[in-house]
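# An overview of the molecular structure
Here are the chains, one letter per residue:
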Amino acid sequence: MFLDSALFAFANLVVALNPTNQTLHWIVMLPAAFLEGVAASVLWIAQATYLTQLSVLYAEFKHEPVVSSMGLFNGVFYSIFRMSAISGNLISSLVLGYFVWPAESLFVMYTVIGLSGAALMLMLPSTTKVSVTNDTELAKLVQTPSVAQGNEPSRRGRMVVLAPVFVLNGLQQGFATGEFTSNFIRESVGGASIGYVMALYGGCNVVSSYGFGKLADKYEYVLTVHRRFFMTLNHI
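Here the structure is a predicted model, which means the values were calculated and not measured.

Criteria and thresholds
Within each chain, residue numbers correspond to sequence positions counted from 1 in written order. Residue-level local features of this predicted model are given only where pLDDT is at least 70; pairs of side-chain atoms are given and counted only at 80 or more, and the full residue set underlies all totals for whole chains, interfaces and linings. Note that water and hydrogens are dropped before the side-chain values are worked out from all heavy atoms of the structure. Here, a salt bridge means any side-chain nitrogen of Lys or Arg that lies within 4 Å of a carboxyl oxygen of Asp or Glu. Here's how the labels work: a residue is buried when its accessible area is under 20% of the maximum for its type, exposed when over 50%, partly exposed in between, all with a 1.4 Å probe on protein chains only. Each helix corresponds to a stretch of at least 4 residues labelled H or I by DSSP, and each strand to a stretch of at least 2 residues labelled E; elements are numbered beginning at the N terminus. Every helix has an expected span of 1.5 Å times one less than the residues it contains. UniProt positions are given in the numbering used here, feature names are shortened, and annotations may be inferred rather than shown by experiment. To count toward a patch, a residue needs a relative accessible area above 30% and no salt bridge. Like charges then connect within 9 Å, nonpolar side chains (Val, Leu, Ile, Met, Phe, Trp, Tyr) within 5 Å. Computed with the Shrake-Rupley method and a 1.4 Å probe, the accessible areas treat only the protein chains shown as cover for residues. Pairing of aromatic rings covers Phe, Tyr and Trp, the last through its six-membered ring, and needs centres within 6.5 Å; plane angles under 30 degrees mean stacked, over 60 mean edge-to-face, and all others mean tilted.

### A few points about the pattern of salt bridges
Enumeration over the complete set of coordinates arrives at one salt bridge. Salt-bridge contacts for E64 lead to K62; the nearest nitrogen and oxygen are separated by 3.8 Å. A relative accessible area of 40% places K62 in the partly exposed class.

Put into structure tokens, the structure is as follows:
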């Protein structure tokens, strides 16, 4: 995630250093965008698997149901992930608006930050030996899946139901980072203030991610208890 961001920042740096060379812009930006898209698809799958395994280990350590901490871990992750919107936008506004430094310096900072994050990711401990003892269905989910198993969830009805949510989220992200910044923020308060406004947007994401993660755990646990209660009644 950090490495592909560093690559994209470096591509923008090359473009900023050569503002009039349109051919170079296409040569650099298209491969960078392609590689970032491919890398992101792999990284998001790895992130979801890793967080699931960590939440299972945490739940087993606390002797709780294995699904009791998934919302918490996802909420914490997305809170930290969304903090990049705060730091990145504040850096851009300070560099371009307050210090009035050239854009090249901003992309150098982004490249260094991305490479530093990639180096930190190499220090993450392995969780390949996760062992779930109290939920066999979840054990199947957290183990490393084969290619055939990886295609199975897409056939489930709930994934079809969630598909519009994924599409809506993508459209919302595109609007927030594209049209909203260029046609609303820039036109009303100026380009130098885009970072401040988007930092507030990122702050709301941080608080909401953690809060809704906690709520998801709480109400999922309540729903699980009710489901097991009614299943018990059906077997009586």
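What follows picks up the thread again.
### Some points on helix α3 (residues 70-98)
Helix length check: α3 (29 residues) gives 41 Å between terminal C-alpha atoms against 42 Å at 1.5 Å per residue, within 8%. Residues of α3 that are buried include every one of G71, L72, F73, G75, S79, R82, G88, N89, S92, S93 and V95, and no others. A positive backbone phi angle near 55 degrees is found at V100, which sits one or two residues after α3.

### Considerations on the UniProt feature "transmembrane region" (unreviewed entry) in the chain
On the UniProt side, "transmembrane region" (unreviewed entry) is annotated at positions that read residues 26-46, 80-101 and 107-124 here. The distance from the first to the last C-alpha atom of residues 80-101 is 28 Å, and the span holds 86% helix and 0% strand.

### Observations regarding the environment of W26
Its place among the elements puts W26 in helix α2 (residues 22-61). Note: C-alpha distance between W26 and V15 (11 residues apart in sequence) is 9.3 Å.

### A short note on α2
The end-to-end C-alpha distance of α2 is 56 Å, a good match for the 58 Å that 40 residues give at a rise of 1.5 Å each. Looking at α2, one finds that the buried residues are H25, V28, A32, Q47, L51, Q53, S55, V56 and A59. Directly after α2, the chain includes H63, whose backbone phi takes a positive value near 55 degrees.

### Examining unusual backbone geometry
Of note, the phi angle at H63 is positive, near 55 degrees, even though the residue is not glycine. By the element assignment, H63 lies in the loop between α2 and α3.

### Here we look at a nonpolar patch on the surface
Together, L90, L94, Y98, F99, W101 and Y196 give the surface a local cluster of nonpolar side chains, amounting to about 610 Å² of exposed area. Counting residues per element, the nonpolar patch draws most heavily on α3, which supplies three residues. Relative to the elements of secondary structure, L90 occurs in helix α3.

### Here's the deal with the packing of aromatic side chains
Under the counting rule described, the total for this entry stands at 12 aromatic pairs. When the centroid spacing of 6.1 Å and the interplanar angle of 10 degrees are considered together, the rings of W44 and Y78 count as stacked. Remark: Y78 occurs in helix α3 and W44 occurs in helix α2; sequence separation between them is 34 residues. On the basis of relative accessibility, which here comes to 31%, the residue W44 falls in the partly exposed class. The rings of W44, F77, Y78 and F81 are connected pair by pair, giving a single aromatic cluster.

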